[in-house]
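Architecture and fold: a report
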Amino acid sequence: MTEAIVLKRKRGPAAILQALVPYLLAVIAAFAAVGVLLALLGFDVLRAYSTILFTSFRTTNGFIQTLIKWTPLVLQALAFTIPLAAGKFNIGGEGQLIVGGIGAAAVGILLAGLPLPILLPSVLLAGTLFGALWVLGPAWLLYRFGINEILTTVLMNFVAFELIDFTATKIWPDPAAGHPTTVPIGEGGYLPLLLSHPPLHSGLLIAVLVAILVYFYTDHTSAGYELVATGANPRASSVYGVNVRRMFLLSLLLGGAIAGLSGAIEVAGVHHRLIEGMQSNFLLLGIIIGLIAKGNNLAVPFVALFIAILEVGASALQRTMMIPGEMVFIVEALILIFVLLSDVVRRR
Amino acid sequence: MNQTPILHVEGINKRFGAVQALKDVDLSLQSSEIHGLLGGNGAGKTTLMNVVYGLYKPDSGQIFLRGRPVTINSPRDAIAHGIGMVHQHFLQINTYTVTENIVLGTPIPHRPTMDLTQARDKIRALSDRFGLEIDPEAHIEDLPMGARQRVEILKALYRGVDILILDEPTTNLTPQEVDSLFESLKLMVAEGMSVVFITHKLREVMSVCDTISVLREGRRLLTAPRSELSEEEIVRTMVGSEEALEDSMLFSEQRRDEEAGIVREEIVLDVSDMRIADENGVLVDDLSLSVRAGEILGIAGVAGNGQQELAEGILGIRPLSRGRVRIGDRDVTGLGTRQILHLGVAYVPEDRLQDGFLPTASVAQNLILGAQRRTPYSSARGVLNRRAITETAVALIQRFHIRTQGPEDMAATLSGGNIQRMMLARAFAHPVRLLILHNPTSGLDIPSVEFVYDLLLSHKREGTATLLISDDLDELMLLSDRIATLYRGRIVGVLERSAFDKYTIGRMMSGVEAHD
Ligand SMILES: Nc1ncnc2c1ncn2[C@@H]1O[C@H](COP(=O)(O)OP(=O)(O)OP(=O)(O)O)[C@@H](O)[C@H]1O
Ligand SMILES: [Mg+2]
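These numbers come from a predicted model, not from an experiment.

Right, let's get into the pairing of strand β20 (residues 490–496) of chain B. All names here are of chain B. When strand β19 (residues 482–487) meets β20, the two strands line up antiparallel, connected through 6 bridges. Residue pairing for β20: R482 is matched across the bridge by E496. Adjacent in sequence and paired antiparallel, β19 and β20 are bridged by 2 residues, among which R488 carries a positive phi angle near 50°.

Dropping the structure here:
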């Protein structure tokens, strides 16, 4: 038994670069595939590429749009990856965002007169709590009866759609708006601007902070270790003393809270009111980001940034070249597929 | 060996990252032979057979079947070429019947009606022909390990293979099941089939194999007919060191009592009147036992007679329906598993894959499982100390000879025996008052078994109490101070070391009380 052990450290720039190679290849392959499609449809492929990739960097406005887009995307992705670490799937991020937004708007409207130091924290806190509350049902059913969370979290989304409609058309409707919208929240509930021209709200900083905290929690604390262990093998984790059902519950609640916070930030930072449809396609993009990052919470903010760049490129594509923005969605989906494929290939 | 081998591999190389798992391996399998493949943990046995079975693509090398070169890209190809394999850790669908599990993935003649009569008849015929007793209608979940193993073998035979690869098939079998497996293998080779048989148990090799090959660190070092080899020669080749083997416990059959120290007065574990029941019925009943400091209490019994439930009941993994558990002067009944582990209890579960390891986590993370909230791994506030974790991992990897590329390596890449070493390293990483070990040497190579026995005895000397649950009677008799035999969740009797007797314990294992 005198086998030499090679104690190789798997960190360092070389290792990171090596880990990035399959991602780069996936991105190139996805762009190539969509390029063929665009060429067949008769578009200028190179111009389309440059629009998708560089709109974010050509103008200040483009860059700020990217950061504004990044904020809900990174939070939605984390709302998905935290339960994922424990092996659970939160597919209810948009419902939690909506209900978080409702909570934020309710507080912002009802307490509209309060000054900023009180109202803004209350608005954000209400969003966080409402988001967590919205996943409490599915989380409890899972904890108590082992009912699959995928179905229940998805179903709660549909309830949330009804709820936002009711709030925006029946409780605090803004009759002047042509679309289901509430009246604005009190100005004390607005997130302060970091830049005014073009406007950039400080929700960005909250998202950065949350991303750092989540990474710290999952990768540098013993509680986070237990979360990851639960995801890796719940049976073994419980044999070694981890209360795995509690981890399931906790991870879903955390995910819901973060999704709810993202709803509050949309209300307090972007719209200053509740607008039906404000959840956009953040849920799907959040899941795509989480899966491309393979649940690695250090990678999530960077993948989210990349997707935000593509998303901003997508709107420009539509505006300037009349190419449907869905093309970019195909790129994103293809990247995910190729990243997953590269895993299968490498395993042999 | 002038006849063309039925299977021949030549110059096989396979590398995983920095590990050269196979180096230029040649191997020939003659028809109608049982070919024993031996080697230390991580020597490359499973990898080599996975190459033959089409699960891994070799970096270089060629496979020949009956003298003709072939390429095998998948298990499907392998089966089409008549090669079947039963894995070290196989997967079956628990809720399906034996027949359904066997036909899964084969063309079914009456798909719309799922009429499996023909299949069932064929399975019955095979089962009779090779003495592989099985009920085709039984559900997998109701079957003991030996029967599941037979299902795996029948699965291969059903597909008409004539080369059968068995990767450590005897690890979880009772001695009777091993004997009947060997009878079946002999019937198979008598009909012209060929078998590759991987094991760590010399006695099995010597009793059933015609030819023996030994791998070490990815190289094949020896192939010879059994009749020309001695056990010692085999072990020497596997270990590769000149150190004297005469000292080895494995060849002495006797515990070195002078080294074992004495049993102290202090009772460390006390179980009284334990009863565990769930929806499947009563699993442990009316069970009382105690283990003193410096004592090894062996638990014998046919697998599935309440051993795992007993361990899990003590550790708080399963709730007790009745009874109490004390550790030292503390009543731990109803306490959480983590608190119990923190009292200085270590556990090595039987089922390493299900209960013992985190496949996608790193080796270092696996090694602190259960200790993640202790200093120095975690501060009082719950912040992990990565440095301490890595340092511990490096030390444990070295001390327990875990073959891995390093602490950050993914645990799923470890060989079966190395996963076992990792679980043992975890159990022995901290000062421990009470060890609960369930088949601790399963899948370990000979030197590692020796290492574990030494470790157990040195802990015993220092006053650790050990509950040693094992399917291996020799192991129990070698190490224990007393042996309690379990039958249907109850203790049939307890023997003192001076009264150990294989025959008596064997009778107790079938439920016969000792004193009649
Ligand atoms: N998929 C893989 N990725 C990386 N390394 C691997 C992989 N599979 C095997 N290895 C390494 O190759 C070596 C040989 O492993 P293998 O499983 O063939 O050993 P083995 O002889 O079957 O051992 P055991 O007796 O413990 O089952 C080990 O060091 C193992 O860690
Ligand atoms: Mg193996």
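Once the structure has been displayed, the description carries forward.
Our focus in this paragraph is the packing of helix α3 (residues 60–85) of chain A against helix α11 (residues 282–292) of chain A. All names here are of chain A. Interaxial distance between α3 and α11 falls to 8 Å at its minimum, and their mutual angle equals 65°. Crossing handedness for the pair α3 and α11: right-handed. On the side of α3, the interface is formed by K69, P72, L73, Q76, A77, F80 and T81, while α11 contributes F282, L283, L285, G286, I287, I289, G290 and L291. Split into classes, the residues belonging to the contact of α3 with α11 amount to 10 nonpolar, 4 polar and 1 charged.

Now for the coordination of the magnesium ion (ligand 2). Residues and elements named next belong to chain B. At 2.0 to 2.5 Å from the magnesium ion (ligand 2) lie its protein donor atoms, namely T46 (OG1) and Q88 (OE1). A residue pair is termed long-range when its members are at least 10 positions apart, and T46 in helix α1 (residues 45–52) and Q88 in the loop between β6 (83–86) and α3 (98–103) qualify at 42 residues. In this structure T46 comes out as partly exposed when scored by relative accessible area, which is 25%.

Turning to the sheet that holds strand β14 (residues 322–327) of chain B, a few remarks are in order. Residues and elements named next belong to chain B. Spatial ordering of the open sheet is given by β12-β11-β14-β15, a layout of 4 strands whose pairing is antiparallel. Two strands lie at the open edges of the sheet, namely β12 (281–292) and β15 (330–331), each paired on one side alone. Bridging between strand β11 (residues 267–278) and β12 involves 8 bridges; their strand directions are antiparallel. Counted as the bridge partner of I276 is V284 from β12. Across the face of the sheet, helix α11 (residues 307–314) comes into contact with β11, β12 and β14 while running at roughly 115° to β11.

We now examine the interface of chain B and chain A. With 52 residues of chain B at the contact, the number on the chain A side is 29 residues. Buried area between chain B and chain A, both sides added, is near 3600 Å², and the carbon and sulfur share of it is 54%. On the surface where chain B and chain A come into contact, there are 4 salt bridges. In this structure, D355 of chain B engages R235 of chain A in a salt bridge whose closest nitrogen and oxygen atoms are separated by 2.8 Å. Inspection of the chain B/chain A interface yields 16 residue pairs in polar contact (both at pLDDT 80 or more). Those elements giving two or more residues to the side of chain B that touches chain A turn out to be α11, α12 (337–342), β16 (345–348), α13 (352–355), α15 (386–399), α16 (416–427) and α17 (446–461) of chain B. Classifying every residue of the side of chain B that touches chain A gives 20 nonpolar, 18 polar and 14 charged.

This paragraph deals with the environment of M508 of chain B. Here M508 of chain B shows up in helix α19 (residues 502–509). With a relative accessible area of 0%, M508 of chain B lands in the buried category.

With that settled, consider the pattern of salt bridges. As enumerated under the stated definition, the model contains 26 salt bridges over all chains in all. In this structure, R129 of chain B and E191 of chain B form a salt bridge, with 2.8 Å as the shortest nitrogen-oxygen distance. Here E191 of chain B lies in the loop between α6 (175–190) and β8 (194–198) and R129 of chain B lies in helix α4 (residues 117–130), a separation of 62 residues in the sequence. Judged by its relative accessible area of 46%, R129 of chain B is partly exposed. For K460 of chain B, the salt bridge is made with D481 of chain B, and the minimal N-O distance between the two is 2.8 Å. Residue K460 of chain B is found in helix α17, and its partner D481 of chain B is found in the loop between α18 (473–479) and β19; the two are separated by 21 residues along the sequence. Overall, K460 of chain B belongs to the buried group, its relative accessible area being 0%. Sharing partners across several salt bridges, the network here consists of R235 of chain A together with D278, E309, E312, R318 and D355 of chain B.

Here the focus is the domain arrangement of chain A. Residue and element names in this part refer to chain A. Annotation of chain A at the domain level lists domain 1 (21–43 + 323–348) and domain 2 (60–320). Between the C-alpha centres of domain 1 and domain 2 the distance comes to 27 Å. Counting from both sides, the interface comprises 15 residues of domain 1 and, opposite them, 14 residues of domain 2. A combined buried area of about 1400 Å² lies between domain 1 and domain 2, and 73% of that area is made up of carbon and sulfur atoms. At the surface where domain 1 touches domain 2, the tally comes to 0 salt bridges. Listed by contribution, the elements that provide at least two residues to the side of domain 1 that touches domain 2 are α1 (12–40) and α13 (326–346). Considering each element in turn, the side of domain 1 that touches domain 2 owes the most residues, 9 residues, to α13.

All right, on to unusual backbone geometry then. The omega angle of the peptide bond from H197 of chain A to P198 of chain A is -15°, so this bond is cis rather than trans. Of note, P198 of chain A is situated in the loop between β1 (193–196) and β2 (199–201). P376 of chain B follows T375 of chain B through a cis peptide bond whose omega is 5°. Tracing the chain through its elements places P376 of chain B in the loop between α14 (363–367) and α15.

Turning our attention to empty space enclosed by the protein. Residues and elements named next belong to chain B. Across all of its chains, the model carries 4 cavities of 30 Å³ or more by this definition. Quantified by volume, the largest cavity comes out at close to 180 Å³. Looking at the largest cavity, it is lined by 17 residues, and the ones nearest its centre are V345, A346, R374, R426 and H430. With 3 residues, β16 is the single largest residue contributor to the lining of the largest cavity.

The next thing to look at is the packing of aromatic side chains. Residues and elements named next belong to chain B. This structure, assessed with the given rule, holds 9 aromatic pairs over all chains. When the ring of F182 is compared with that of F197, the centres are 5.6 Å apart and the planes differ by 85°; the resulting orientation is edge-to-face. Here F182, found in helix α6, pairs with F197, found in strand β8; they are 15 residues apart in sequence, far enough to count as distant. Taken as a pair, F182 and F197 share a single burial class, namely buried. Ring centres 6.4 Å apart and planes at 25° place the aromatic pair F400 and F428 in the stacked group. Pair noted here: F400 is in the loop between α15 and α16 and F428 is in the loop between α16 and β17 (434–438), with a separation of 28 residues, a long-range link. A relative accessible area of 4% places F400 in the buried class. According to the relative accessible area criterion, F428 is buried, its value standing at 4%. Here a set of aromatic residues connected by ring pairs shows up, and it is made of F400, F428 and F451.

To continue, consider the site of ligand 1. Residue and element names in this part refer to chain B. Taken together, 22 residues sit near ligand 1, with K45, T46, T47, S415 and G417 positioned nearest. The separation between an oxygen atom of ligand 1 and a polar side-chain atom of K45 is 2.8 Å. Interatomic distance of 3.3 Å between a side-chain N/O atom of Y56 and a nitrogen atom of ligand 1. Here ligand 1, which alone exposes 630 Å², has 90% of that area covered by the protein. Listing elements by their share of the shell around ligand 1, those giving two or more residues are β2 (19–29), α1 and α16. Looking at side-chain class alone, the shell around ligand 1 contains 6 nonpolar, 13 polar and 3 charged residues.

Each value, and the rule that gives it
Residues numbered from 1 in each chain as written. Chains lettered and ligands numbered in written order. Predicted model: local features only at pLDDT ≥ 70, side-chain atom pairs only at ≥ 80, totals over all residues. Heavy atoms only, no water. Pairing = 2+ DSSP bridges. Helix = DSSP H or I, 4+ residues; strand = E, 2+ residues; numbered from the N terminus. Axes fitted to C-alpha atoms, helices over the stretch in contact; angles between N-to-C directions. Left-handed = near helix turned anticlockwise from the far one by under 90°. Contact = heavy atoms within 4.5 Å. Nonpolar A, V, L, I, M, F, W, Y, C, P; charged D, E, K, R; others polar. Donors = N, O, S within 2.8 Å, 3.2 Å for Na, K, Ca; no water. Buried < 20%, exposed > 50% of the residue type's maximum accessible area, 1.4 Å probe, protein only. Buried area = accessible area lost by both parts, 1.4 Å probe. Salt bridge = Lys/Arg side-chain N within 4 Å of Asp/Glu carboxyl O. Polar contact = N/O pair within 3.5 Å; in protein donor to acceptor, adjacent residues only side chain to side chain. Domains from an automatic or database assignment. 1 Å grid on protein atoms, 1.4 Å probe; cavity = no way out; pocket = protein on both sides within 12 Å on 5 of 7 lines; lining within 4 Å. Points joined across faces, edges and corners; volume = space filled by probe spheres on them. Phe/Tyr/Trp six-rings, centres within 6.5 Å; stacked < 30°, edge-to-face > 60°. Near = heavy atom within 4 Å. Areas by Shrake-Rupley, 256 points an atom, 1.4 Å probe, with all protein chains shown as cover.

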